[in-house]
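What follows is each chain in one-letter form.
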Amino acid sequence: MNRLKQALGASSSAISWKPTGKLQQTISSKIEKSGKTLHSGDTSTVKLLPALAGEGRYFIYGDTKIPAKIDFTKESPLCTTLSRNGIRVRTVEHLLSALEALNVDNCRIEVTGADEVPLLDGSAKEWVEAVENTGLSVCKDDSGNTKEKLAPFIIEPVHVWKNDSFIAAFPSPKSCISYGINFPQVPAIGCQWVSSVNMDDESFYVKEIASARTFCVYEEVERLREAGLIKGGSAENAIVCSVSEGWLNPPLRFSDEPCRHKVLDLVGDLSLLAEDGNQGFPVGHIVAYKGGHSLHSEFVRRLMGISLEEVSARC
């Protein structure tokens, strides 16, 4: 909680941590999934294991423990990367999105085979199904005590922006998201908005957000692969849109699936505000436009009062 207390003063009163009236939870038993990774194209295996109250969510890669916290984010293209002592785990956002939305507050996440979480079908759907099948249980610390979960409440407006992209948060008694994207060069995507997504309603996330898949523009694929990215991307784990021909692998799961996927990503990235088994997603109304992983992370740092230089020093 030391880091939490420091953040209260550093964030210029943008957030205040308050009790939720709920006890911290973890998964009831092990979950294991394997699959192809997005960027390297290699196969990795992830094991989710129950964790003690107060441990939070953390990754194990080799002999390195990497907490799923904003302190350990490292700037990387087209995904969220956590890094510690030169060891990294990439593409963590879909898994963390599912864990945050389903209230898996504490979890040990072991990654083997590659330094990436497998992409699966490009959404959080399979993670959600696995957690629902396994179930949750109230967890205890190493002294046998339960812990009440705290949540970060937005108590004054706060925002970050870059060019015409921005993320803002406003005080609200509920946790909700309004997100917009704009691809004027790709008519089939165009401008889309998903408004007032209620994050307090777990079933809404499960039914309306979790299955939204990652997307890409066909004309950009070759350039990205030449840059060493999306080697594992395919029509089986992403929806692909052409500037001139529209969607190349329909049908979409939702008419605004790309925008819904951005909401999914945002939930995963804002989960990095969590520590010590507390809630990551802020209680407030989050409004984002043309955001991405980098801007999402900058927003979390703004809430915590952490500079990018501090993050780089830790990683």
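Reading the values: rules and limits
- Residues numbered from 1 in each chain as written.
- Predicted model: local features only at pLDDT ≥ 70, side-chain atom pairs only at ≥ 80, totals over all residues.
- Heavy atoms only, no water.
- Helix = DSSP H or I, 4+ residues; strand = E, 2+ residues; numbered from the N terminus.
- Contact = heavy atoms within 4.5 Å.
- Core = buried A, V, L, I, M, F, W, Y, C linked by side-chain atoms within 4.5 Å.
- Buried < 20%, exposed > 50% of the residue type's maximum accessible area, 1.4 Å probe, protein only.
- Arc of directions from axis to C-beta.
- Pairing = 2+ DSSP bridges.
- Polar contact = N/O pair within 3.5 Å; in protein donor to acceptor, adjacent residues only side chain to side chain.
- Phe/Tyr/Trp six-rings, centres within 6.5 Å; stacked < 30°, edge-to-face > 60°.
- Lys NZ or Arg CZ within 6 Å of the ring centre and 35° of its normal.

Undergrad: Is there a simple way to explain the environment of Lys36 in this structure?
TA: Relative to the helices and strands, Lys36 is located in strand β3 (residues 31-36). In sequence terms Lys36 and Gly291 are 255 residues apart; their C-alpha atoms lie 26 Å from each other. Ignoring any residue separated from it by four or fewer positions in sequence, one finds Lys36 in contact with Gly41, Asp42, Thr43, Pro118, Leu119, Leu120 and Gly232.

Undergrad: Sorry, what's going on with the nonpolar core here?
TA: A general feature of soluble globular proteins is that nonpolar side chains tend to end up buried together. Ranked by internal contacts, the top residues of the largest apolar core, which has 71 residues, are Leu48, Phe59, Leu95, Ile109, Ile177, Tyr205 and Phe299. Counting residues per element, this core draws most heavily on helix α6 (residues 257-270), at six residues. In terms of nonpolar packing, the next biggest core, distinct from the first, is built from eight residues, Leu38, Leu229, Ile230 and Val240 among them.

Undergrad: I keep staring at helix α3 (residues 125-134) and nothing clicks. Help me out?
TA: One turn of the α-helix equals 3.6 residues, which is why residues spaced by three or four share an orientation. Regarding α3, the residues found buried are Trp127, Val128, Ala130 and Val131. Down the axis of α3, the sector holding all buried residues measures 165°, keeping them to one side. Among the structural elements, β3, β4 (43-50), α2 (93-101), β11 (136-138) and α4 (202-209) are those in contact with the buried residues of α3.

Undergrad: Explain the sheet that holds strand β7 (residues 73-74) to me, please; I cannot follow it from the model alone.
TA: Note: strands within a sheet are paired through backbone hydrogen bonds, in either parallel or antiparallel orientation. Pairing within the open sheet is antiparallel, and its three strands lie in the order β7-β8-β9. Either end of the sheet is taken by a strand with one partner, and the two such strands are β7 and β9 (87-89). Bridge count between strand β8 (residues 81-84) and β9: three bridges; the pairing is antiparallel. If you follow Leu82 over to β9, its bridge partner there is Val89.

Undergrad: What is the right way to read the side chain of Thr73 from this model?
TA: Secondary-structure assignment places Thr73 in strand β7. Using a relative accessible area of 6% as the deciding quantity, one classes Thr73 as buried. Within polar-contact distance, the side chain of Thr73 engages the backbone oxygen of Ile70 at 2.9 Å.

Undergrad: When you look at the packing of aromatic side chains in this model, what are you seeing that I'm missing?
TA: Within a pair of aromatic rings, the relevant descriptors are the distance that separates the centres and the angle that separates the planes. Per the stated rule, a full pass over the model turns up three aromatic pairs. Aromatic pair Trp193 and Tyr289: ring centres 5.8 Å apart, planes at 10°, arrangement stacked. Of the two residues, Trp193 sits in strand β16 (residues 190-198) while Tyr289 sits in strand β20 (residues 285-289), which places them 96 residues apart along the sequence. Residue classification places Trp193 among the partly exposed residues on the basis of a relative accessible area of 40%. Over the aromatic face of Tyr58 sits the side chain of Lys65, whose NZ or CZ is 4.4 Å from the ring centroid.

Undergrad: I'm lost on the environment of Thr20 in this one. Help?
TA: By secondary structure assignment, the location of Thr20 is in strand β1 (residues 15-23). Note: C-alpha distance between Thr20 and Pro152 (132 residues apart in sequence) is 9.6 Å. Each residue touching Thr20, except ones within four places of it in the same chain, is listed here: Glu148, Lys149, Leu150, Ala151 and Gln279. A polar contact is formed between the side chain of Thr20 and the backbone oxygen of Lys149, at a distance of 2.7 Å.

Undergrad: Quick question: what am I supposed to make of the pairing of β16 here?
TA: Working note: regular strand, side chains alternate between the two faces of the sheet. Sheet topology places strand β15 (residues 176-183) next to β16; seven bridges connect them, and they run antiparallel. Looking at the pairing, Gly180 lines up with Trp193 of β16. The antiparallel hairpin formed by β15 and β16 contains six residues in its connecting segment.

Undergrad: Is there a simple way to explain the side chain of Ser165 in this structure?
TA: Tracing the sequence through the fold places Ser165 in strand β14 (residues 165-170). Only 2.8 Å separates the side chain of Ser165 from the backbone oxygen of Lys290, close enough to count as a polar contact. Apart from the residues within four sequence positions on either side, Ser165 is in contact with Val160, Tyr289, Lys290 and Leu295.

Undergrad: What is the right way to read the pairing of β3 from this model?
TA: Across six bridges, the pairing between β3 and β4 is antiparallel. Bridge pairing in β4 places Ser34 opposite Thr45. Taking the residues between adjacent antiparallel strands as the criterion, β3 and β4 are bridged by six residues, where Gly41 takes a positive phi near 80°.

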